[in-house]
Amino acid sequence: MTRSITTEPLTPEAFAPYGDVLDVEGAPDKIINQGKCGRYHDRARVDVTPESGGRVGISVFHAELRTFPYTLDLIERHPEGSQAFVPMSADPFLVVVADGPDAPPRAFVTNGAQAINFHRGTWHGVLTPLTGSGMFAVVDRIGETPNLEEHWFEAPWLITHTV
Ligand SMILES: NC(=O)N[C@@H](O)C(=O)O
Ligand code: NI
């Protein structure tokens, strides 16, 4: 049995229970660089549990592009750290989150000018680019522990998208 959900546009309000949306909506917090740059200051909660030996790191992911309908058969979470996906091309990508393994997932599509940061412990789908280079800077916890809990669905979710 395949269950289906459809995508919704990504907004900071809708995503708030799961993480942060990084964008340049509204006025910047600071104007810097001789007035040539707006700084949207401290807009994501990076958490790497240093007390458990974690440190923050920046990696680059180069992921294959995916298409709709997208079959979601796995969600995961990182109990010891947050995880940010920062696209290195101005392209929309799919962001899947869930309140728990037994809760229906929520699927968001970014607008091409957004990055996201999953809060520590947020159930999410893996990095899922849709168009562009598939290249992302990923800010997350570097440490000796796996920092990964996976849940494989008995029945996959089919994610559809209507433009
Ligand atoms: N495994 C890994 O580094 N990436 C996943 O955590 C992911 O969310 O894509
Ligand atoms: Ni992850």
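Everything in this summary refers to the structure shown in the same document.

Definitions and limits used
Residues numbered from 1 in each chain as written. Chains lettered and ligands numbered in written order. Predicted model: local features only at pLDDT ≥ 70, side-chain atom pairs only at ≥ 80, totals over all residues. Heavy atoms only, no water. Patch = residues over 30% accessible without salt bridge, like charges linked within 9 Å, V, L, I, M, F, W, Y side chains within 5 Å. Areas by Shrake-Rupley, 256 points an atom, 1.4 Å probe, with all protein chains shown as cover. Salt bridge = Lys/Arg side-chain N within 4 Å of Asp/Glu carboxyl O. Helix = DSSP H or I, 4+ residues; strand = E, 2+ residues; numbered from the N terminus. Buried < 20%, exposed > 50% of the residue type's maximum accessible area, 1.4 Å probe, protein only. Donors = N, O, S within 2.8 Å, 3.2 Å for Na, K, Ca; no water. Near = heavy atom within 4 Å. Polar contact = N/O pair within 3.5 Å; in protein donor to acceptor, adjacent residues only side chain to side chain. Core = buried A, V, L, I, M, F, W, Y, C linked by side-chain atoms within 4.5 Å. Contact = heavy atoms within 4.5 Å.

## Focus on a nonpolar patch on the surface
- Together, Val60, Met88 and Met135 make up an exposed nonpolar region whose accessible area comes to about 260 Å².
- Turning to its location among the elements, Met135 is positioned in strand 14 (residues 135-142).
- The class of Met135 is partly exposed, set by a relative accessible area of 31%.

## Description of the coordination of the nickel ion (ligand 2)
- For the nickel ion (ligand 2), the full set of protein donor atoms is Glu76 (OE), His78 (NE2), Gln83 (OE1) and His124 (NE2), at a range of 2.1 to 2.2 Å.
- Coordination of the nickel ion (ligand 2) draws on donor residues from a single chain, spaced E-x1-H-x4-Q-x40-H in sequence.
- Owing to a relative accessible area of 9%, Glu76 belongs among the buried residues under this scheme.
- For Gln83, a relative accessible area of 6% puts it in the buried group.

## A look at the site of ligand 1
- Every residue lining ligand 1 is accounted for by Phe61, Glu76, His78, Gln83, Phe85, His124, Val126 and Leu127.
- Within the contact set of ligand 1, an oxygen atom lies 2.9 Å away from a side-chain nitrogen or oxygen of Gln83.
- Between an oxygen atom of ligand 1 and a main-chain N or O atom of Leu127, the distance comes to 3.0 Å.
- In the complex, 71% of the free accessible area of ligand 1, which totals 270 Å², lies under the protein chains.

## Thoughts on the nonpolar core
- Within the largest apolar cluster, 15 residues are counted, with the highest numbers of intra-cluster contacts made by Phe15, Phe85, Val95, Phe108, Ile116 and Phe118.
- Breaking this core down by element, the ones donating at least two residues are helix 1 (12-15), strand 9 (93-98), strand 11 (115-118) and strand 14.
- Looking at which element gives the most residues to this core, the answer is strand 9, with 3 residues.
- Setting aside residues no more than four positions away along its own chain, Ile116 makes contact with Leu10, Phe15, Asp20, Gln83, Ala84, Phe85, Phe93 and Val95.
- Within the second largest apolar cluster, 14 residues are counted, among which are Leu94, Val96, Val109 and Trp157.

## Some words on the pattern of salt bridges
- Under the defined criterion, the tally for this structure stands at 5 salt bridges.
- With its nearest N and O atoms 2.6 Å apart, the salt bridge here joins Arg120 to Asp47. One end of the pair, Arg120, is in the loop between strand 11 and strand 12 (123-124); the other, Asp47, is in the loop between strand 5 (37-39) and strand 6 (55-62), and 73 residues separate them in sequence.
- When its relative accessible area of 41% is taken as the criterion, Arg120 is described as partly exposed.

In short, shape yes, function no, at least from these values alone.
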